[in-house]
Amino acid sequence: VLITGVAGFIGAHVAIRLRELGHDVIGIDNMNNYYDVRLKLARKSLVERAGANFITGDLCDVDLVRKLLNTSVITHVLHFAAQAGVRYSRQNPLAYGQANVMCTINLLEEARKLKKPPVVLYASSSSVYGKAKHIPFSESQPTHKPISLYAATKKATEHIAHAYHSLYHMRMTGLRFFTVYGP
């Protein structure tokens, strides 16, 4: 199993649990400083202690992604890596286009080239619902009017995943996370 964003709260905990269940895990994270790097380093230590292979690297690095996908048998990709934060997307929109869109395309493009493409589970966001007033939210609600650049990039990720499924029959599942909190 390849887990992207493995130094994040979700990625680290999923990696540890999968190792407890006996799965081989390779994790990648660019260790950027959007969140406190000390938290990421602590999670890195926990992930490595659990027996997962931790790679510090960028998913936009085509050669690195190709190597990761081709040097091990990857049956599943859990794509949690992203540039997070609604407010910060106003200050640094290019970081969101790069991390959330271009790096995702790079990952999916290299994955589809494998003899047997992996099953992909990817993280989207409840931000795609915009100013929806109907609660509780539903997958069938309109999501075509994002109110932040972050939401727009996460919706773009959903469209990209759908295109890879349609074009290459890759198995994709998207999860629209709501606010995730944890150490």
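Refer to the structure above for everything that follows.
Definitions and cut-offs
- Residues numbered from 1 in each chain as written.
- Predicted model: local features only at pLDDT ≥ 70, side-chain atom pairs only at ≥ 80, totals over all residues.
- Heavy atoms only, no water.
- Patch = residues over 30% accessible without salt bridge, like charges linked within 9 Å, V, L, I, M, F, W, Y side chains within 5 Å.
- Areas by Shrake-Rupley, 256 points an atom, 1.4 Å probe, with all protein chains shown as cover.
- Salt bridge = Lys/Arg side-chain N within 4 Å of Asp/Glu carboxyl O.
- Helix = DSSP H or I, 4+ residues; strand = E, 2+ residues; numbered from the N terminus.
- Buried < 20%, exposed > 50% of the residue type's maximum accessible area, 1.4 Å probe, protein only.
- Pairing = 2+ DSSP bridges.
- Axes fitted to C-alpha atoms, helices over the stretch in contact; angles between N-to-C directions.
- Contact = heavy atoms within 4.5 Å.
- Disulfide = S-S within 2.5 Å.
- Phe/Tyr/Trp six-rings, centres within 6.5 Å; stacked < 30°, edge-to-face > 60°.
- Right-handed = clockwise from strand over helix to strand, strands pointing away.

*Asks:* Help me understand a nonpolar patch on the surface in this model?
*Replies:* Taken together, the side chains of Ile135, Phe137 and Phe178 present a nonpolar region at the surface, about 300 Å² in accessible area. Assignment of secondary structure puts Ile135 in the loop between β5 (119-125) and α6 (149-168). Using a relative accessible area of 66% as the deciding quantity, one classes Ile135 as exposed.

*Asks:* I keep staring at the sheet that holds strand β1 (residues 2-4) and nothing clicks. Help me out?
*Replies:* Hydrogen bonds between backbone atoms are what pair the strands of a sheet, whose relative direction is either parallel or antiparallel. Within the open sheet, the six strands sit side by side as β3-β2-β1-β4-β5-β6. Their pairing is parallel. One side of each edge strand has no neighbouring strand; the edge strands of this open sheet are β3 (53-56) and β6 (172-177). The average angle at which neighbouring strand axes cross in this sheet is 15 degrees, direction not considered. Across six bridges, β5 lies against β6 in parallel orientation. When the bridges of β6 are listed, Val120 appears paired with Met172. Along the sheet, helix α3 (residues 62-71) makes contact with β1, β2 (26-29), β3 and β4 (76-79), crossing β2 at roughly 170 degrees.

*Asks:* I tried to follow the state of the cysteines on my own but got confused; where do I start?
*Replies:* Two cysteines whose sulfur atoms are joined by a covalent bond form what is called a disulfide. What the rule picks out here adds up to one disulfide. A disulfide bridge connects Cys60 with Cys103, and the sulfur atoms are separated by 1.9 Å. Linking Cys60 and Cys103, the disulfide has an S-S dihedral of approximately -115 degrees and is accordingly described as left-handed. Of this pair, Cys60 sits in the loop between β3 and α3 while Cys103 sits in helix α5 (residues 93-112), and the two are 43 residues apart along the sequence.

*Asks:* What is the right way to read the packing of aromatic side chains from this model?
*Replies:* Aromatic ring pairs are described here by two measures, namely the spacing of the ring centres and the angle between the planes. Tallying each qualifying case throughout the model produces nine aromatic pairs. An angle of 5 degrees between the planes, with centres 4.6 Å apart, marks the rings of Tyr129 and Phe137 as stacked. Relative accessible area serves as the criterion here: at 7%, Tyr129 is assigned to the buried category. Summarising the aromatic geometry, the rings of Tyr164 and Tyr168 are spaced 5.4 Å apart at their centres and angled 45 degrees between planes, so their arrangement reads as tilted. On the criterion of helical spacing, the pair formed by Tyr164 and Tyr168 is a turn pair, its members being four residues apart in helix α6. A relative accessible area of 10% means that Tyr164 is categorised as buried.

*Asks:* Just checking my understanding: could you explain the pairing of β5 for this structure?
*Replies:* When a strand is regular, its side chains alternate between the sheet's two faces. Buried residues dominate β5, accounting for five of its seven residues. In this sheet, β5 lies alongside β4 in parallel orientation, the contact comprising four bridges. Residue pairing for β5: Val77 is matched across the bridge by Val120. Of the crossover connections in this fold, the one passing from β5 over α6 to the parallel β6 is right-handed.

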